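Spelled out, the chains give:
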Amino acid sequence: MENSSNIWFEEPLSPGLLQRCLVSNIVCSTKSKYQTIEIIDTEPFGRCLIIDGKTQSSQEDEFIFHEALVHPSILTHPGPETVFIAGGGEGATLREVLAHESVKRAVMVDIDEEVVSLSKRYLPSWHQGAFEDPRLELHYADAKEYLANSQEKFDVIIIDLVDPLEEGPTYLLFTQSFYRLVQQRLTTQGIVVVQSECAALGYTRAFTSIAHTLSTVFPGVYPYKVNIHSFGGDWGFVMATQGLSPLDLSPEEVDQRIATRVTRELRLYDGMTHLGMFSLPKYLRELFDKETWVITEENPLTVL
């Protein structure tokens, strides 16, 4: 492999903000049918998966993203048995889903087989063998088309898609019409959670718009955030439900559910973390009241 000690990876976080990190090795760099895929080793974050120039996850802090994405929704549900994952090609979301003893079937749909193949080879600490679990049903397809052509209902649907870049493979999966389809594929107590882009002050439009769009479809919408260093700051998630609420869970109840239902040691998520993630600061709560754009196919969300 090429020695890249004098190469810097530069990632625009916004039109006026650039993050740079020193690259120690280029593991692979290729272009699939859908997107460019790079796996690089960096000084600050270890191995990183980069898609279309955007950091998807890093060895140093991927556990923060994936635990935050998966566990609040699955533990809010009283006993989920079927889980649908849209995206999640690294296998880390799948890893966390399969850590729940109640889960009997996980359907993962990723449009890009190349991402999964490279992740299996180069990102073993992400998936940790999850792709070999007999509970997995893996499809290489568009998640929207898969759900539209299926009548199956799921207890939890996890939307772990790459950023909605203009003309990218996912930008139409952040729309009101897609969320309506998702709602139709949930069981009575079903829950959906969406990775919802940057939640840093000054760059919250995608986060608030995803939450507002979900609120036009679901009666319960619960935005939350965590800090992810390799992403440059706070990152948003939105859980949407048909009645259940993560706010009803005390820290003690969350810890009890983890102890009885989760088979792996968690590094981020516990009862106190749950309480903190959903305790948004005043300025952000006010932005949810002001930024009320509904994302549609005619007026889709795209990010830099």
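Residues numbered from 1 in each chain as written. Predicted model: local features only at pLDDT ≥ 70, side-chain atom pairs only at ≥ 80, totals over all residues. Heavy atoms only, no water.

Enquirer: Please give an account of helix α3 (residues 113–122) that cites residues and values.
Expert: In an α-helix, one turn spans 3.6 residues; hence positions three or four apart end up facing the same way. Burial in α3 covers these residues: V115, V116, L118, S119 and Y122. Contact partners of the buried residues in α3: β2 (17–31), β3 (36–42), β4 (46–51), β7 (105–110), α4 (124–127) and β8 (136–140). Of the residues flanking the start of α3, the one acting as N-cap is D112, its side-chain oxygen 3.1 Å from the backbone nitrogen of E114. (Buried < 20%, exposed > 50% of the residue type's maximum accessible area, 1.4 Å probe, protein only. Helix = DSSP H or I, 4+ residues; strand = E, 2+ residues; numbered from the N terminus. Contact = heavy atoms within 4.5 Å. Polar contact = N/O pair within 3.5 Å; in protein donor to acceptor, adjacent residues only side chain to side chain.)

Enquirer: Tell me about the sheet that holds strand β9 (residues 154–160), residues and numbers included.
Expert: With mixed pairing, the seven strands of this open sheet are ordered in space as β8-β7-β6-β9-β10-β12-β11. Two strands lie at the open edges of the sheet, namely β8 and β11 (220–228), each paired on one side alone. Across the sheet, the mean angle separating the axes of adjacent strands is 15 degrees when strand polarity is ignored. Bridge analysis of strand β6 (residues 82–87) against β9 gives five bridges, and the strand direction is parallel. Bridging from a neighbouring strand, I85 pairs with I158 of β9. Lying over the sheet, helix α7 (residues 205–215) contacts β10 (186–198), β11 and β12 (233–241), oriented at roughly 160 degrees with respect to β10. (Pairing = 2+ DSSP bridges. Axes fitted to C-alpha atoms, helices over the stretch in contact; angles between N-to-C directions.)

Enquirer: Talk me through the packing of α7 against helix α10 (residues 282–290); I want residue IDs and the actual numbers.
Expert: Close contact between α7 and α10 brings their axes to 9 Å; oriented N to C, the two are set at 55 degrees. Classified by the angle their axes make, α7 and α10 are oblique. In the crossing of α7 with α10, the sense of the turn from one axis to the other is right-handed. Of the residues in α10, those touching α7 at F207, T208 and A211 are L284, L287 and F288. (Parallel < 35°, antiparallel > 145°, perpendicular 65-115°, else oblique. Left-handed = near helix turned anticlockwise from the far one by under 90°.)

Enquirer: Could you give an account of the packing of helix α1 (residues 62–76) against helix α8 (residues 251–261), naming the residues involved and the relevant values?
Expert: Closest axis-to-axis distance for the α1/α8 pair is 11 Å, and the angle between their directions is 95 degrees. The orientation of α1 with respect to α8, classified from their angle, is roughly perpendicular. Residues I74, L75 and T76 of α1 lie in contact with α8, whose contacting residues are R257, I258 and R261. Here the residues of the contact of α1 with α8 are counted per class, giving three nonpolar, one polar and two charged. (Nonpolar A, V, L, I, M, F, W, Y, C, P; charged D, E, K, R; others polar.)

Enquirer: Outline the pairing of β11, listing residues and values.
Expert: The element β11 is largely enclosed, with a buried count of seven among its nine residues. Bridge count between β11 and β12: nine bridges; the pairing is antiparallel. Counted as the bridge partner of I228 is G233 from β12. What sits between β11 and β12 in their antiparallel hairpin is a turn of four residues, with G232 showing a positive phi close to 90 degrees.

In short, geometric facts, not functional conclusions.
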